[in-house]
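As a plain string of letters, each chain reads:
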Amino acid sequence: MNDTALSPSPVSTASRVNLLGMTRTQMEEFFVSIGEKKFRAQQVIKWIHQIGVDDFALMTNVSKALRERLAQIAEIRGPEVVHREYSTDGTRKWVMKVGNNAMVETVLIPDGHRKTLCVSSQVGCALDCSFCSTGKQGFQRDLTAAEIIGQVWIANRSFFEGEPIRENRERAITNVVMMGMGEPLLNFDNVVPAMQLMLDDFAYGMSKRRVTLSTSGIVPMLDRLGEEIDVALAVSLHAPNDALRDELVPVNRKYPLEELLAACRRYLGRFQSEEGGRRRITMEYVMLAGVNDTPAHARELVRLLRDTPSKLNLIPFNPFPHAPYARSSREDILAFQKILADAGYICTIRSTRGDDIDAACGQLVGQVQDRTRRAERWQAKQGNPREIIRSAS
Ligand code: SAH
Ligand code: SF4
(Lines give C-alpha, C1' and ligand atoms only; values in the text may rest on other atoms or scores of the structure.)
(Ligands and ions follow the chains in the order given, each with its own letter.)
Protein backbone atom coordinates (compact mmCIF):
# COMPACT_ATOMS: atom_id res chain seq x y z
CA MET A 1 0.00 0.00 0.00
CA ASN A 2 1.17 3.50 -0.73
CA ASP A 3 1.62 5.11 2.67
CA THR A 4 1.93 8.66 1.28
CA ALA A 5 -1.68 8.35 0.22
CA LEU A 6 -2.66 7.79 3.83
CA SER A 7 -0.43 10.21 5.65
CA PRO A 8 -1.10 13.96 5.58
CA SER A 9 2.50 14.52 6.73
CA PRO A 10 4.68 12.27 4.60
CA VAL A 11 7.89 13.78 5.95
CA SER A 12 7.41 11.79 9.16
CA THR A 13 6.58 8.16 9.46
CA ALA A 14 4.29 7.02 12.23
CA SER A 15 6.86 4.94 14.09
CA ARG A 16 9.85 7.29 14.09
CA VAL A 17 10.11 10.95 14.94
CA ASN A 18 11.60 13.10 12.19
CA LEU A 19 14.34 15.35 13.53
CA LEU A 20 14.74 17.39 10.33
CA GLY A 21 12.22 20.16 11.10
CA MET A 22 13.00 20.55 14.81
CA THR A 23 14.39 23.85 16.05
CA ARG A 24 17.20 23.66 18.61
CA THR A 25 14.77 24.18 21.49
CA GLN A 26 12.46 21.45 20.18
CA MET A 27 15.36 19.08 19.74
CA GLU A 28 16.65 19.82 23.25
CA GLU A 29 13.20 18.92 24.55
CA PHE A 30 13.32 15.72 22.52
CA PHE A 31 16.68 14.66 23.98
CA VAL A 32 15.59 15.50 27.52
CA SER A 33 12.39 13.47 26.93
CA ILE A 34 14.47 10.38 26.12
CA GLY A 35 16.72 10.87 29.15
CA GLU A 36 19.68 12.41 27.31
CA LYS A 37 21.58 15.63 27.84
CA LYS A 38 20.37 18.80 26.14
CA PHE A 39 23.68 19.49 24.37
CA ARG A 40 23.11 16.49 22.10
CA ALA A 41 20.74 18.76 20.18
CA GLN A 42 23.60 21.04 19.09
CA GLN A 43 25.65 18.10 17.91
CA VAL A 44 22.86 16.44 16.00
CA ILE A 45 21.58 19.68 14.43
CA LYS A 46 25.10 20.33 13.17
CA TRP A 47 25.31 16.85 11.63
CA ILE A 48 21.96 17.22 9.94
CA HIS A 49 22.10 20.76 8.63
CA GLN A 50 25.77 21.75 8.33
CA ILE A 51 27.28 18.45 7.38
CA GLY A 52 24.15 17.26 5.64
CA VAL A 53 23.92 13.65 6.77
CA ASP A 54 20.76 11.60 7.17
CA ASP A 55 22.33 8.58 8.82
CA PHE A 56 22.87 8.49 12.58
CA ALA A 57 25.70 5.98 12.14
CA LEU A 58 27.87 8.76 10.67
CA MET A 59 27.58 10.99 13.75
CA THR A 60 30.97 10.07 15.16
CA ASN A 61 30.95 12.37 18.19
CA VAL A 62 27.76 10.75 19.47
CA SER A 63 28.19 7.53 21.48
CA LYS A 64 27.56 4.32 19.59
CA ALA A 65 24.78 3.35 21.99
CA LEU A 66 22.94 6.61 21.42
CA ARG A 67 23.42 6.39 17.64
CA GLU A 68 21.85 2.95 17.69
CA ARG A 69 19.01 4.12 19.87
CA LEU A 70 18.34 7.11 17.60
CA ALA A 71 18.22 4.84 14.57
CA GLN A 72 15.45 2.90 16.32
CA ILE A 73 13.26 5.82 17.36
CA ALA A 74 14.12 8.71 15.06
CA GLU A 75 14.85 9.56 11.45
CA ILE A 76 16.09 12.40 9.26
CA ARG A 77 13.76 12.47 6.31
CA GLY A 78 13.51 15.20 3.67
CA PRO A 79 10.81 15.54 1.04
CA GLU A 80 11.07 13.06 -1.84
CA VAL A 81 12.72 14.60 -4.92
CA VAL A 82 10.87 13.35 -7.99
CA HIS A 83 12.55 15.54 -10.55
CA ARG A 84 15.60 17.78 -10.67
CA GLU A 85 16.98 20.01 -13.32
CA TYR A 86 20.33 21.80 -13.40
CA SER A 87 20.45 24.59 -15.98
CA THR A 88 23.53 25.71 -17.89
CA ASP A 89 23.53 29.09 -16.12
CA GLY A 90 23.83 27.37 -12.71
CA THR A 91 20.12 27.55 -11.84
CA ARG A 92 18.88 24.38 -10.17
CA LYS A 93 15.33 23.24 -9.64
CA TRP A 94 13.87 20.43 -7.58
CA VAL A 95 10.31 19.14 -7.75
CA MET A 96 9.43 17.48 -4.48
CA LYS A 97 6.57 15.18 -3.74
CA VAL A 98 4.85 16.09 -0.50
CA GLY A 99 1.95 13.68 -0.34
CA ASN A 100 -0.72 12.25 -2.49
CA ASN A 101 0.01 13.87 -5.88
CA ALA A 102 1.05 17.14 -4.25
CA MET A 103 4.23 18.71 -5.57
CA VAL A 104 6.22 21.77 -4.62
CA GLU A 105 9.16 23.36 -6.34
CA THR A 106 12.38 24.84 -5.02
CA VAL A 107 14.71 26.88 -7.17
CA LEU A 108 18.31 27.91 -6.69
CA ILE A 109 19.42 31.04 -8.53
CA PRO A 110 23.15 31.82 -8.67
CA ASP A 111 24.38 35.37 -9.04
CA GLY A 112 28.14 35.85 -8.77
CA HIS A 113 29.17 34.42 -5.41
CA ARG A 114 25.57 34.44 -4.24
CA LYS A 115 23.34 31.40 -4.31
CA THR A 116 19.75 32.31 -3.53
CA LEU A 117 17.25 29.58 -2.79
CA CYS A 118 13.58 30.27 -3.49
CA VAL A 119 11.61 28.18 -0.99
CA SER A 120 7.92 27.19 -1.02
CA SER A 121 5.73 27.37 2.06
CA GLN A 122 2.43 25.82 0.92
CA VAL A 123 1.11 23.52 -1.77
CA GLY A 124 -0.85 25.99 -3.89
CA CYS A 125 -2.16 29.24 -2.44
CA ALA A 126 -5.61 30.43 -1.42
CA LEU A 127 -5.10 34.09 -2.28
CA ASP A 128 -5.63 33.94 -6.03
CA CYS A 129 -3.62 36.93 -7.21
CA SER A 130 -4.65 37.53 -10.81
CA PHE A 131 -1.12 37.25 -12.32
CA CYS A 132 0.10 34.22 -10.34
CA SER A 133 0.05 30.66 -11.59
CA THR A 134 0.30 29.24 -8.05
CA GLY A 135 -2.87 31.11 -7.14
CA LYS A 136 -4.67 29.47 -10.05
CA GLN A 137 -3.99 26.08 -8.47
CA GLY A 138 -5.98 26.89 -5.35
CA PHE A 139 -4.82 25.90 -1.89
CA GLN A 140 -4.00 22.29 -1.14
CA ARG A 141 -2.16 22.26 2.16
CA ASP A 142 0.47 23.80 4.39
CA LEU A 143 3.98 22.39 4.29
CA THR A 144 5.40 21.11 7.57
CA ALA A 145 8.51 22.72 9.08
CA ALA A 146 10.47 19.63 7.95
CA GLU A 147 9.24 20.07 4.38
CA ILE A 148 10.19 23.76 4.39
CA ILE A 149 13.68 23.41 5.89
CA GLY A 150 14.00 20.16 3.92
CA GLN A 151 14.14 22.24 0.73
CA VAL A 152 17.18 24.13 2.07
CA TRP A 153 18.71 20.86 3.28
CA ILE A 154 18.33 19.15 -0.11
CA ALA A 155 19.65 22.13 -2.08
CA ASN A 156 22.63 22.65 0.22
CA ARG A 157 23.56 18.94 0.20
CA SER A 158 23.41 18.88 -3.58
CA PHE A 159 26.69 20.83 -3.57
CA PHE A 160 28.42 18.16 -1.45
CA GLU A 161 27.41 15.23 -3.64
CA GLY A 162 30.23 12.78 -4.19
CA GLU A 163 32.47 14.42 -1.56
CA PRO A 164 33.60 12.50 1.50
CA ILE A 165 31.87 13.56 4.74
CA ARG A 166 33.68 16.52 6.30
CA GLU A 167 32.89 18.14 9.62
CA ASN A 168 33.84 21.67 8.58
CA ARG A 169 31.67 22.08 5.54
CA GLU A 170 31.02 25.56 4.26
CA ARG A 171 27.38 26.34 3.56
CA ALA A 172 26.70 26.53 -0.18
CA ILE A 173 23.39 28.44 -0.06
CA THR A 174 24.01 32.10 0.80
CA ASN A 175 20.45 33.52 0.74
CA VAL A 176 16.92 32.22 1.18
CA VAL A 177 13.80 33.94 -0.10
CA MET A 178 10.37 32.62 0.89
CA MET A 179 9.08 33.38 -2.61
CA GLY A 180 8.17 29.97 -3.93
CA MET A 181 4.67 28.57 -3.82
CA GLY A 182 2.31 29.72 -1.11
CA GLU A 183 1.76 32.59 1.29
CA PRO A 184 4.25 32.12 4.15
CA LEU A 185 2.31 34.22 6.66
CA LEU A 186 -0.67 31.89 6.28
CA ASN A 187 1.56 29.00 7.39
CA PHE A 188 3.16 30.89 10.22
CA ASP A 189 3.60 28.01 12.69
CA ASN A 190 5.73 26.02 10.26
CA VAL A 191 7.49 28.87 8.48
CA VAL A 192 8.83 30.51 11.66
CA PRO A 193 10.59 27.37 13.04
CA ALA A 194 12.06 26.69 9.59
CA MET A 195 13.42 30.26 9.44
CA GLN A 196 14.78 29.87 12.99
CA LEU A 197 16.83 26.95 11.71
CA MET A 198 18.08 29.06 8.78
CA LEU A 199 19.36 31.63 11.30
CA ASP A 200 20.62 29.21 13.99
CA ASP A 201 24.43 29.08 14.14
CA PHE A 202 24.29 25.33 14.80
CA ALA A 203 22.16 24.82 11.67
CA TYR A 204 22.63 27.18 8.68
CA GLY A 205 23.81 30.30 10.55
CA MET A 206 22.57 32.69 7.87
CA SER A 207 22.50 36.41 8.53
CA LYS A 208 19.02 37.81 9.19
CA ARG A 209 19.54 40.12 6.20
CA ARG A 210 19.88 37.11 3.91
CA VAL A 211 16.65 35.39 4.87
CA THR A 212 13.68 37.17 3.29
CA LEU A 213 10.01 36.51 3.84
CA SER A 214 7.77 37.70 1.02
CA THR A 215 4.11 38.34 1.76
CA SER A 216 1.09 39.61 -0.07
CA GLY A 217 0.28 41.54 3.11
CA ILE A 218 -1.52 39.60 5.86
CA VAL A 219 -1.52 42.53 8.28
CA PRO A 220 -2.15 40.80 11.66
CA MET A 221 0.47 38.16 10.89
CA LEU A 222 3.03 40.84 10.03
CA ASP A 223 2.76 42.07 13.59
CA ARG A 224 3.17 38.53 14.92
CA LEU A 225 6.18 38.00 12.70
CA GLY A 226 7.86 41.05 14.21
CA GLU A 227 7.25 39.61 17.69
CA GLU A 228 8.80 36.24 16.88
CA ILE A 229 11.68 36.67 14.46
CA ASP A 230 13.81 39.32 12.79
CA VAL A 231 14.24 38.64 9.06
CA ALA A 232 14.20 40.80 5.94
CA LEU A 233 10.71 41.58 4.69
CA ALA A 234 9.45 41.86 1.13
CA VAL A 235 5.88 42.93 0.40
CA SER A 236 4.09 42.13 -2.85
CA LEU A 237 2.72 45.57 -3.55
CA HIS A 238 2.13 45.49 -7.34
CA ALA A 239 -0.18 48.51 -7.45
CA PRO A 240 -0.03 52.13 -6.23
CA ASN A 241 -3.72 52.42 -5.25
CA ASP A 242 -6.43 50.28 -3.66
CA ALA A 243 -8.67 50.05 -6.73
CA LEU A 244 -5.96 48.40 -8.83
CA ARG A 245 -4.51 46.36 -5.97
CA ASP A 246 -7.99 45.00 -5.13
CA GLU A 247 -8.00 43.58 -8.63
CA LEU A 248 -4.45 42.19 -8.73
CA VAL A 249 -4.02 41.07 -5.11
CA PRO A 250 -7.55 40.31 -3.83
CA VAL A 251 -6.43 40.08 -0.18
CA ASN A 252 -6.09 43.88 -0.44
CA ARG A 253 -9.87 44.09 0.03
CA LYS A 254 -9.34 42.76 3.53
CA TYR A 255 -6.09 44.60 4.32
CA PRO A 256 -5.96 47.78 2.21
CA LEU A 257 -2.81 49.74 1.46
CA GLU A 258 -3.03 52.20 4.33
CA GLU A 259 -3.23 49.37 6.89
CA LEU A 260 -0.54 47.38 5.11
CA LEU A 261 1.93 50.25 5.01
CA ALA A 262 1.24 51.08 8.67
CA ALA A 263 2.07 47.42 9.52
CA CYS A 264 5.29 47.72 7.48
CA ARG A 265 6.30 50.78 9.48
CA ARG A 266 5.55 48.96 12.75
CA TYR A 267 7.70 46.03 11.58
CA LEU A 268 10.61 48.34 10.79
CA GLY A 269 10.06 50.31 13.99
CA ARG A 270 10.80 47.22 16.11
CA PHE A 271 14.28 46.81 14.75
CA GLN A 272 15.14 50.33 13.67
CA SER A 273 17.05 51.43 16.77
CA GLU A 274 19.73 48.74 16.42
CA GLU A 275 20.46 49.75 12.85
CA GLY A 276 20.30 53.51 12.89
CA GLY A 277 17.26 53.71 10.61
CA ARG A 278 18.86 52.14 7.55
CA ARG A 279 16.46 49.24 7.18
CA ARG A 280 13.91 49.17 4.42
CA ILE A 281 11.07 46.98 3.26
CA THR A 282 11.49 45.61 -0.26
CA MET A 283 8.35 46.40 -2.24
CA GLU A 284 7.87 43.89 -5.04
CA TYR A 285 6.12 45.18 -8.12
CA VAL A 286 5.27 42.87 -11.00
CA MET A 287 5.42 44.70 -14.34
CA LEU A 288 2.24 44.03 -16.32
CA ALA A 289 2.05 45.68 -19.72
CA GLY A 290 -0.50 48.49 -19.78
CA VAL A 291 -1.92 47.53 -16.39
CA ASN A 292 0.32 48.99 -13.66
CA ASP A 293 3.44 50.12 -15.54
CA THR A 294 2.81 53.68 -16.77
CA PRO A 295 4.70 56.80 -15.63
CA ALA A 296 1.52 57.91 -13.83
CA HIS A 297 1.58 54.68 -11.79
CA ALA A 298 5.24 55.27 -10.95
CA ARG A 299 4.53 58.79 -9.72
CA GLU A 300 1.58 57.55 -7.65
CA LEU A 301 3.90 54.94 -6.13
CA VAL A 302 6.42 57.61 -5.17
CA ARG A 303 3.67 59.47 -3.29
CA LEU A 304 2.29 56.31 -1.69
CA LEU A 305 5.63 55.20 -0.23
CA ARG A 306 6.70 58.63 0.99
CA ASP A 307 6.43 57.75 4.69
CA THR A 308 7.46 54.07 4.56
CA PRO A 309 11.21 53.33 4.27
CA SER A 310 11.20 51.20 1.13
CA LYS A 311 13.21 50.01 -1.80
CA LEU A 312 11.62 48.74 -4.99
CA ASN A 313 12.14 45.52 -6.86
CA LEU A 314 10.48 45.47 -10.28
CA ILE A 315 9.65 41.95 -11.44
CA PRO A 316 9.10 41.48 -15.18
CA PHE A 317 5.91 39.40 -15.41
CA ASN A 318 6.57 35.73 -16.07
CA PRO A 319 3.89 34.51 -18.43
CA PHE A 320 2.14 31.16 -18.08
CA PRO A 321 -0.38 29.54 -20.41
CA HIS A 322 -3.56 31.59 -20.76
CA ALA A 323 -2.37 34.31 -18.41
CA PRO A 324 -4.39 37.44 -19.08
CA TYR A 325 -1.31 39.69 -19.02
CA ALA A 326 1.87 40.38 -20.92
CA ARG A 327 5.26 41.41 -19.62
CA SER A 328 5.97 45.15 -19.81
CA SER A 329 8.51 46.14 -22.43
CA ARG A 330 12.11 46.69 -21.33
CA GLU A 331 11.71 50.34 -22.28
CA ASP A 332 8.66 50.84 -20.05
CA ILE A 333 10.35 49.05 -17.14
CA LEU A 334 13.41 51.31 -17.45
CA ALA A 335 11.23 54.45 -17.63
CA PHE A 336 9.33 53.30 -14.51
CA GLN A 337 12.60 52.62 -12.72
CA LYS A 338 13.95 56.05 -13.60
CA ILE A 339 10.99 57.86 -12.03
CA LEU A 340 11.53 55.97 -8.79
CA ALA A 341 15.30 56.42 -8.84
CA ASP A 342 14.94 60.15 -9.51
CA ALA A 343 12.66 60.35 -6.47
CA GLY A 344 15.48 58.83 -4.38
CA TYR A 345 14.45 55.19 -4.20
CA ILE A 346 16.76 52.25 -4.67
CA CYS A 347 14.94 50.46 -7.48
CA THR A 348 16.22 47.20 -8.92
CA ILE A 349 14.88 45.09 -11.76
CA ARG A 350 14.76 41.38 -11.09
CA SER A 351 16.59 39.37 -13.67
CA THR A 352 14.56 36.58 -15.20
CA ARG A 353 17.21 33.87 -14.95
CA GLY A 354 15.91 30.38 -14.77
CA ASP A 355 13.42 30.91 -17.58
CA ASP A 356 15.11 28.11 -19.52
CA ILE A 357 14.08 25.54 -16.94
CA ASP A 358 10.75 27.16 -16.18
CA ALA A 359 11.96 28.12 -12.75
CA ALA A 360 11.43 31.85 -12.60
CA CYS A 361 9.20 33.57 -10.04
CA GLY A 362 5.52 32.95 -10.44
CA GLN A 363 6.11 29.88 -12.59
CA LEU A 364 6.43 27.48 -9.73
CA VAL A 365 3.57 25.19 -10.53
CA GLY A 366 5.52 22.39 -12.11
CA GLN A 367 5.27 20.53 -15.33
CA VAL A 368 4.00 17.65 -13.26
CA GLN A 369 0.74 19.51 -12.84
CA ASP A 370 -1.56 20.21 -15.71
CA ARG A 371 -1.60 23.93 -15.41
CA THR A 372 -2.91 24.57 -18.88
CA ARG A 373 -6.19 22.87 -18.12
CA ARG A 374 -6.39 24.60 -14.79
CA ALA A 375 -5.76 28.01 -16.35
CA GLU A 376 -8.43 27.32 -18.94
CA ARG A 377 -10.95 26.48 -16.27
CA TRP A 378 -10.00 29.63 -14.42
CA GLN A 379 -10.32 31.75 -17.52
CA ALA A 380 -13.78 30.37 -18.21
CA LYS A 381 -14.74 31.28 -14.66
CA GLN A 382 -13.40 34.85 -15.01
CA GLY A 383 -15.09 35.70 -18.28
CA ASN A 384 -13.13 37.81 -20.78
CA PRO A 385 -9.48 38.07 -19.95
CA ARG A 386 -8.00 41.53 -19.76
CA GLU A 387 -7.02 42.82 -23.15
CA ILE A 388 -3.34 42.36 -23.77
CA ILE A 389 -2.19 45.81 -24.69
CA ARG A 390 1.35 45.03 -25.74
CA SER A 391 2.93 41.74 -26.55
CA ALA A 392 5.66 40.37 -24.30
CA SER A 393 9.12 41.68 -25.09
N1 SAH B 1 2.84 34.58 -1.52
C2 SAH B 1 3.99 35.40 -1.34
C3 SAH B 1 5.27 34.76 -1.76
C4 SAH B 1 5.27 33.93 -3.00
S5 SAH B 1 5.11 34.76 -4.54
C6 SAH B 1 3.79 36.73 -2.03
O7 SAH B 1 2.84 36.88 -2.78
O8 SAH B 1 4.60 37.62 -1.78
C9 SAH B 1 6.71 35.50 -4.76
C10 SAH B 1 6.70 36.74 -5.65
O11 SAH B 1 6.47 36.37 -7.02
C12 SAH B 1 5.61 37.71 -5.27
O13 SAH B 1 6.06 39.04 -5.27
C14 SAH B 1 4.60 37.48 -6.36
O15 SAH B 1 3.74 38.56 -6.49
C16 SAH B 1 5.49 37.24 -7.57
N17 SAH B 1 4.82 36.62 -8.69
C18 SAH B 1 3.78 35.76 -8.67
N19 SAH B 1 3.43 35.41 -9.93
C20 SAH B 1 4.27 36.07 -10.76
C21 SAH B 1 4.42 36.10 -12.19
N22 SAH B 1 3.65 35.39 -12.99
N23 SAH B 1 5.40 36.88 -12.69
C24 SAH B 1 6.21 37.58 -11.88
N25 SAH B 1 6.12 37.58 -10.53
C26 SAH B 1 5.15 36.84 -9.98
FE1 SF4 C 1 -0.38 33.40 -3.35
FE2 SF4 C 1 1.75 35.03 -3.53
FE3 SF4 C 1 0.70 33.85 -5.74
FE4 SF4 C 1 -0.64 35.79 -4.52
S5 SF4 C 1 1.37 35.98 -5.53
S6 SF4 C 1 -1.52 33.85 -5.24
S7 SF4 C 1 -0.15 35.40 -2.37
S8 SF4 C 1 1.67 32.82 -4.01
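Residues numbered from 1 in each chain as written. Chains lettered and ligands numbered in written order. Predicted model: local features only at pLDDT ≥ 70, side-chain atom pairs only at ≥ 80, totals over all residues. Heavy atoms only, no water.

Explain the overall build of the protein to me, using residue names and the numbers behind them.
The number of helices and strands found in the protein is 13 helices and 14 strands. Split into buried and exposed, the 393 residues of the protein put 55% on the buried side. Counting contacts in the protein only where the partners sit at least 6 residues apart, residues at least 24 apart contribute 67% of the total. Accessible area for the protein stands at about 17100 Å²; split by element, carbon and sulfur atoms hold 49% of it. (Helix = DSSP H or I, 4+ residues; strand = E, 2+ residues; numbered from the N terminus. Buried < 20%, exposed > 50% of the residue type's maximum accessible area, 1.4 Å probe, protein only. Contact = heavy atoms within 4.5 Å. Areas by Shrake-Rupley, 256 points an atom, 1.4 Å probe, with all protein chains shown as cover.)

Please provide a residue-by-residue account of the site of ligand 2, values included.
Taken together, the neighbourhood of ligand 2 is formed by C125, L127, D128, C129, C132, G135, G182, E183 and S216. A per-class count over the shell around ligand 2 returns four nonpolar, three polar and two charged. (Near = heavy atom within 4 Å. Nonpolar A, V, L, I, M, F, W, Y, C, P; charged D, E, K, R; others polar.)

Go over the packing of aromatic side chains with me, naming the residues and quoting the values.
One pass over the structure, following the stated rule, counts five aromatic pairs. Relative to W94, the ring of Y86 lies with its centre 6.0 Å away and its plane at 70 degrees, an arrangement referred to as edge-to-face. On the basis of relative accessibility, which here comes to 34%, the residue Y86 falls in the partly exposed class. Look at W94 and you get buried, because its relative accessible area is 1%. (Phe/Tyr/Trp six-rings, centres within 6.5 Å; stacked < 30°, edge-to-face > 60°.)

Give a detailed account of the pattern of salt bridges, specifying residues and quantitative values.
In this structure the tally under the stated criterion is 19 salt bridges. Between D200 and R24 there is a salt bridge, with its nearest N and O atoms 2.8 Å apart. Placement of the pair is D200 in the loop between α7 (188-199) and β10 (211-215) and R24 in helix α2 (residues 24-33), with a sequence separation of 176 residues. According to the relative accessible area criterion, R24 is partly exposed, its value standing at 25%. Salt-bridge contacts for E105 lead to K93; the nearest nitrogen and oxygen are separated by 3.8 Å. In this pair, E105 sits in strand β5 (residues 103-111) while K93 sits in strand β4 (residues 92-97), placing the two residues 12 residues apart along the sequence. K93 shares its class with E105; the two are buried. One continuous salt-bridge network, built from bridges that share partners, spans E163, R166 and R169. (Salt bridge = Lys/Arg side-chain N within 4 Å of Asp/Glu carboxyl O.)

Run through the site of ligand 1, naming residues and quoting values.
Near ligand 1 there are 21 residues, and of these G182, S214, S236, H238 and N318 occur at the shortest range. In this structure, an oxygen atom belonging to ligand 1 sits 3.0 Å away from a side-chain N or O atom of E284. Contact between ligand 1 and N318: a nitrogen atom at 2.9 Å from a main-chain N or O atom of the residue. Taking 530 Å² as the accessible area of ligand 1 by itself, protein coverage stands at 95%. Among the elements of the structure, β10, β12 (281-287) and β13 (310-316) are those that each provide at least two residues to the shell around ligand 1. (Polar contact = N/O pair within 3.5 Å; in protein donor to acceptor, adjacent residues only side chain to side chain.)

Pulling in residues and values, what's your account of the packing of α2 against helix α3 (residues 40-51)?
Interaxial distance between α2 and α3 falls to 8 Å at its minimum, and their mutual angle equals 125 degrees. In this view, α2 runs oblique relative to α3, as classed from their interaxial angle. Two packed elements cross with a definite hand, and for α2 against α3 that hand is right-handed. Every residue of α3 that contacts α2 at R24, M27, E28 and F31 is listed here: R40, A41, Q42, V44, I45 and I48. By residue class, the composition of the contact of α2 with α3 is six nonpolar, one polar and three charged. (Axes fitted to C-alpha atoms, helices over the stretch in contact; angles between N-to-C directions. Parallel < 35°, antiparallel > 145°, perpendicular 65-115°, else oblique. Left-handed = near helix turned anticlockwise from the far one by under 90°.)

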